[in-house]
Amino acid sequence: MKTLLLGLAYRSQYLIVATALTLAISACTKSESSEVGKISQNVETDIPRLANGKPDFSGIWQTTSAADYDLEPHANRRDAPPSTGVVEGKYLPYLPEALEQKKINFERRHELDPALKGWTLGVPRGIYYPEPFQIFQREKDLIIVHQFGHSVRTIFTNGTDHPQDPYDWWMGDSRGAWEGDTLVVDVKHFNDKTWFDRAGNYHSDQLHVIEKWQFLDKNTIEYRATIEDPKVFSRPWTLSVILHRHREKDFQLIEDYRFTLDYDEFYPPKPPQAQN
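Residues numbered from 1 in each chain as written. Predicted model: local features only at pLDDT ≥ 70, side-chain atom pairs only at ≥ 80, totals over all residues. Heavy atoms only, no water.

Mind laying out helix α2 (residues 96-107), listing which residues take part and the relevant values?
Its 12 residues place the ends of α2 17 Å apart at the C-alpha level, agreeing with the 16 Å of an ideal helix rising 1.5 Å per residue. Buried within α2 are the following residues: Ala98, Lys102, Asn105 and Phe106. One side of α2 holds all its buried residues, which, seen down the axis, span an arc of 95°. Across α2 from its buried face, at more than 90 degrees, point the exposed residues Pro96, Glu97 and Glu107. The inward-facing, buried residues of α2 abut α3 (109-112). (Helix = DSSP H or I, 4+ residues; strand = E, 2+ residues; numbered from the N terminus. Expected span 1.5 Å × (residues − 1). Buried < 20%, exposed > 50% of the residue type's maximum accessible area, 1.4 Å probe, protein only. Arc of directions from axis to C-beta. Contact = heavy atoms within 4.5 Å.)

Requested: an account of the packing of aromatic side chains, with residues and values cited.
Within this structure, the stated rule accounts for 13 aromatic pairs. Seen in terms of ring centroids, Trp119 and Trp170 are 5.7 Å apart; in terms of plane orientation they differ by 80°. Their pairing is edge-to-face. In this pair, Trp119 sits in the loop between α3 and α4 (125-128) while Trp170 sits in the loop between β4 (152-156) and β5 (173-179), placing the two residues 51 residues apart along the sequence. Judged by relative accessible area, Trp170 falls into the partly exposed class, the value being 30%. (Phe/Tyr/Trp six-rings, centres within 6.5 Å; stacked < 30°, edge-to-face > 60°.)

Describe a nonpolar patch on the surface, listing the residues and the values that go with them.
Side chains of Tyr263, Phe266 and Tyr267 sit close together on the surface and give an oily, nonpolar patch of about 400 Å² of accessible area. If you trace the backbone, Phe266 turns up in the segment after β9 (237-245). (Patch = residues over 30% accessible without salt bridge, like charges linked within 9 Å, V, L, I, M, F, W, Y side chains within 5 Å. Areas by Shrake-Rupley, 256 points an atom, 1.4 Å probe, with all protein chains shown as cover. Salt bridge = Lys/Arg side-chain N within 4 Å of Asp/Glu carboxyl O.)

Give me the lowdown on the environment of Gln214, citing residues and values where you can.
Structurally, Gln214 can be placed in strand β7 (residues 208-217). Gln214 gets classed as partly exposed once you look at its relative accessible area, which sits at 34%. Counting along the chain gives 31 residues from Gln214 to Leu183, while the straight-line C-alpha distance between them is 6.6 Å.

In structure tokens form, the structure reads like this:
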């Protein structure tokens, strides 16, 4: 009889503990769900907005990512720190012939990289290159000014479409539309003269980029770019980097024209030397 009563007592205590744990877990789950909801709501209400209610990305931005060294995972090299990469799926889906060209680019990167020549960085490289860029935003467009080379890019958000008979541009032609608080930008009509990074990852003139710009908080943007190029890759692929707002006092862009360095000794023109 004592054994039976003792067993019932233990069982009763077990049920009480189990019930308490269930209630505690339920309360934690509700609390976490509430906190996530509050964070999401704060992001929606705390971000800067234009008069029309759309997110306002105006400001000076820069990534801390090492994406420009090499988009793919790599060990340390003399010219690059190690990185896990920024590509979903880790590696770029090159077509066989294109992969051979990428290998050549890598071996000759110190002479072939367009950035080393001071050329325009292109899209998306200009966004994660390790120099700041500034966004000026209006309802009808966003103007992106890069410190490197002072390249200027316009993203039209006025409902207009790509030109029907375009040139091939260094930075393509950008047309944006809003999906909620996310700016989705369709970019095409590129030339084939830019690279994705210093490691020789490259594209053809068939490059097509879909960008997504979204605030994580008022000072942080998640930037995603989906790349399609049927001449070079077997399927589309996506990269993602985080952009941080510069908030230092008096911070500003400084001219960085690399392609003019060879001419610095000649400018400004020096007065002719007096004849003896």
